[in-house]
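Below, each chain spelled out in residue letters.
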Amino acid sequence: MNDSYGLSGEAKAKLLARMVARTPAATSPKPAEPKLSLGRSKVLDDLAMVRRAGEALEIANPYFRPHEGVAGATTIIDGHSYDNFVSYNYLGLNGDPRVNHAAKEAIDRYGTSVSASRIVSGERPIHRGLERALADVYQAEDCVALVSGHATNVTVIGHLVDREDLVIHDALSHNSIVQGALMSGAKRIVFPHNDLAELDRMLAQSRSAAKRALIVVEGHYSMDGDVPDLARLVTIAKRHRAHLMVDEAHSLGVLGARGHGIFEAAGVDPREIDVWMGTLSKTLSGCGGYIAGSAALIDYLRYSAPGFVYSVGLPPPIAAAALASLEAMGAEPERVARLRANGARFLAAARSHGLDTGPSIGTAIVPIMTGSSIVAARAADALFKQGINVQPIIYPAVPEQGARLRFFISSLHEPDQLDRVAATVSATIEASLDMSVDLAALASRIAAG
């Protein structure tokens, strides 16, 4: 081949040198940035802080302890028996032979699941039987039951109002109410706990800017054990053309002579309330939630509420257990009377020892205020070692000054048991107050991780 048609060896060498000079220097690839942990950083930080504080104070984790049987007035944990004050089994119907039998019969007939959303093919007669019985409690036209109590508030509130509307709720409302209000997109206003004068003022100021207004309260507040003035709420709602929704999660089976809830205790016509909400997981020995109200309201929810339409129907044994519990409550009002007597006795016993029970009315929920997360956690740990199972409610679940031990009372508790526990709690809290804490050292250890 004629070299004149190509580059000489020298020319090739020079060209190659120029190309090399233009080529960027080889660089090492940047190390991949680590993935951030999923979850909200503040929550993760708070959890880590609480765990480090518990370790520093040598307090055992009081959460997720497995119970080895039905949890009533007593329970078995790790093979040991405890006086139990952490369960919502208010009327002692969870584990009742009639309730168990109803659940077993439902399994034999329908299986453990309906295997579909109810609107598709998951409807069973037991669903409508339960809903009809619940509607009758509230003298309502209809009722619909959903598979989760928390999701009931979220999906229903989120589906009843929108961004043109207003949701105004109590400052101590359950997380599910708050989440439902946020999901709705409506303007959300929080009024101070049980301050109905302030609720009235806030509505007077904000109602005209909203197309619709929804007031949401609880019939029996699970943190403080107190109740709202339902008759006054009805008056306020009418004055401002607002709808009223009452969450009866901790009221059914607890308030009123028959356990029908806040309306019975307050002597208010239940038809004055637009939306009744409740759960199946407490008095009714099951799991799930329900809404009772007008036929139009229930029809709207049954055909369009996302948490109902797109979720599987209640498992048959759960629906059957709830219905059997409701029937037992109706047949045995003495259970409600025993619960109310027990709540009043424990409240009186606690106060006789100088314990701060906050605003509790003394039915199913009695807090013992400590005003300190460290005292609450230490007292709960010490009580557990003495055979008493009660949960501490500490920061950040409540403000630091609102730290407490929260007692759930059952109709199954015995009077002498309640008296003995109240005395033990008093002595234990006093001992916890006397224990010194090097707060500087504790803060340093928590910060160091």
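As shown above, the structure is provided for reference.
Heads up: these notes are all about the structure in this document. Here the structure is a predicted model, which means the values were calculated and not measured.

1. Quick word on the overall build of the protein chain
And then number 1: Looking only at helices and strands, the protein chain has 17 helices and 13 strands in total.
And then number 2: Taking 2.2 N^0.38 as the reference for a compact globule, 449 residues should give roughly 22 Å; the C-alpha atoms of the protein chain span a radius of gyration of 29 Å, well beyond that estimate.
And then number 3: Projected onto its principal axes, the C-alpha coordinates of the protein chain cover approximately 115 × 60 × 55 Å.
And then number 4: Long-range contacts, defined as pairs at least 24 residues apart, comprise 70% of the intrachain contacts of the protein chain with a sequence gap of at least 6.
And then number 5: When the 44 basic and 48 acidic side-chain charges of the protein chain are each reduced to a single mean position, those positions are 8 Å apart.

2. A word on the packing of helix α6 (residues 149–160) against helix α11 (residues 295–304)
And then number 1: Orientation of α6 relative to α11, taken along the N-to-C sense of each, is 110°, at an axis distance of 11 Å. As summarised for this structure, α6 and α11 are arranged roughly perpendicular, according to the angle between their axes. When α6 is examined against α11, the residues Val156, His159 and Leu160 are found in contact with a partner set consisting of Leu297, Tyr300, Leu301 and Ser304.
And then number 2: Among the residues making up the contact of α6 with α11, the classes are represented as five nonpolar, two polar and no charged.

3. Structural notes on the packing of aromatic side chains
And then number 1: Enumeration over the complete set of coordinates arrives at 11 aromatic pairs.
And then number 2: Taking the centre distance of 6.4 Å and the plane angle of 50° together, the rings of Tyr88 and Tyr90 count as tilted.
And then number 3: The class for Tyr88 is partly exposed, based on a relative accessible area of 32%.
And then number 4: Taking 6.1 Å as the distance between ring centres and 55° as the angle between the ring planes, the aromatic pair formed by Tyr138 and Phe263 counts as tilted. Taken together, the residues Tyr138 in the loop between α5 (125–137) and β3 (142–146) and Phe263 in helix α10 (residues 262–266) connect sequence positions 125 residues apart.
And then number 5: On the basis of relative accessibility, which here comes to 1%, the residue Tyr138 falls in the buried class.
And then number 6: Three or more aromatic residues link up through ring pairs in this structure, and these residues are Tyr138, Phe263, Trp276 and Tyr290.
And then number 7: The ring centre of Tyr88 lies 4.8 Å from the NZ or CZ of Lys282, which sits over that ring.

4. Brief notes about a nonpolar patch on the surface
And then number 1: Residues Ile119, Val120 and Tyr303 make up a contiguous nonpolar surface patch of roughly 340 Å² in combined accessible area.
And then number 2: As for its position among the elements, Ile119 is in helix α4 (residues 118–122).
And then number 3: The class for Ile119 is partly exposed, based on a relative accessible area of 40%.

5. As for helix α8 (residues 196–206)
And then number 1: Residues of α8 that are buried: Leu196, Leu199, Met202, Leu203 and Ser206. Buried positions in α8, seen along its axis, are confined to an arc of 115° and lie on one side of it. Facing away from the buried surface of α8 by more than 90 degrees, the exposed residues are Ala204 and Gln205.

6. A look at the side chain of Ser251
And then number 1: On the secondary structure map, Ser251 appears in the loop between β7 (243–247) and α10.
And then number 2: Ser251 gets classed as buried once you look at its relative accessible area, which sits at 0%.
And then number 3: Beyond its immediate stretch of four places on either side in the chain, Ser251 contacts Gly219, His220, Gly259, Gly261 and Ile262.

7. As for the environment of Ser222
And then number 1: Tracing the chain through its elements places Ser222 in the loop between β6 (213–218) and α9 (230–239).
And then number 2: You can call Ser222 buried: its relative accessible area is 14%.
And then number 3: As a C-alpha pair, Ser222 and Ala32 span 190 residues in sequence and 47 Å in three-dimensional space.
And then number 4: Apart from residues lying up to four places away in sequence, Ser222 is in contact with His250, Ile365 and Arg406.

8. Some points on the nonpolar core
And then number 1: Ile215, Leu230, Leu244, Leu405 and Phe407 are the most contacted members of the largest nonpolar core, which totals 86 residues.
And then number 2: The dominant element in this core, judged by the number of residues it contributes, is helix α13 (residues 316–331), at nine residues.
And then number 3: With sequence-adjacent residues up to four places away left out, Leu230 is seen in contact with Leu244, Val246, Ile262, Phe263, Ala266, Val268, Ile273 and Trp276.
And then number 4: Listed in part, the 22 residues of the second largest apolar core include Ile177, Ala186, Met277 and Ile291.

Rules behind the numbers
- Along each chain, residues carry numbers from 1 onward, in the same order as the chain's sequence is written.
- Reporting of local features is limited, given that this is a predicted model, to residues whose pLDDT is at least 70; pairs of side-chain atoms are given and counted only at 80 or more, and all residues count toward the totals for whole chains, interfaces and linings.
- The side-chain quantities take in all heavy atoms of the structure and omit both hydrogens and water.
- Strands are runs of DSSP state E lasting at least 2 residues, helices are runs of H or I lasting at least 4, and numbering of each runs from the N terminus.
- Radius of gyration here uses only the C-alpha atoms, and the compact-globule reference equals 2.2 Å multiplied by the residue count raised to the power 0.38.
- By definition in these notes, contact holds between two residues if any of their heavy atoms fall within 4.5 Å.
- Charge convention: Lys and Arg are scored as positive, Asp and Glu as negative, and His as well as the terminal groups of each chain are ignored.
- For charged residues, the charge sits on one atom: NZ in Lys, CZ in Arg, CG in Asp, CD in Glu.
- Here an angle of 0 to 180 degrees is reported between the N-to-C directions of two axes, which are lines fitted to C-alpha atoms, with helices fitted over the stretch in contact.
- Angular relationships are summarised with four words: roughly parallel below 35 degrees, roughly antiparallel beyond 145, roughly perpendicular across 65 to 115, and oblique for the angles in between.
- Following the grouping adopted for this structure description, the nonpolar residues are Ala, Val, Leu, Ile, Met, Phe, Trp, Tyr, Cys and Pro, the charged ones are Asp, Glu, Lys and Arg, and the polar ones are all others, Gly among them.
- The aromatic pairing rule takes the rings of Phe, Tyr and Trp, using the six-membered ring of Trp, and pairs them if the centres are within 6.5 Å, calling planes under 30 degrees apart stacked, those over 60 edge-to-face and the rest tilted.
- The cut-offs for exposure are 20% and 50% of the maximum accessible area for each residue type, with area from a 1.4 Å probe on protein chains only; residues under the lower value are buried, those over the upper are exposed, and the others partly exposed.
- For a Lys NZ or an Arg CZ to count as sitting over a ring, it must be within 6 Å of the ring centre and within 35 degrees of the ring normal.
- Distance thresholds for patches are 9 Å for like charges and 5 Å for nonpolar side chains (Val, Leu, Ile, Met, Phe, Trp, Tyr), applied to residues having over 30% relative accessible area and no salt bridge.
- The accessible surface values rely on the Shrake-Rupley method and a 1.4 Å probe; as for residues, cover is taken only from the protein chains in view.
- Take a side-chain nitrogen of Lys or Arg and a carboxyl oxygen of Asp or Glu: if they are within 4 Å of each other, that pair is a salt bridge.
- Note: the arc covers the axis-to-C-beta directions of the helix.
- For this analysis, a nonpolar core means a set of buried residues of the types Ala, Val, Leu, Ile, Met, Phe, Trp, Tyr and Cys, connected via side-chain atoms within 4.5 Å.

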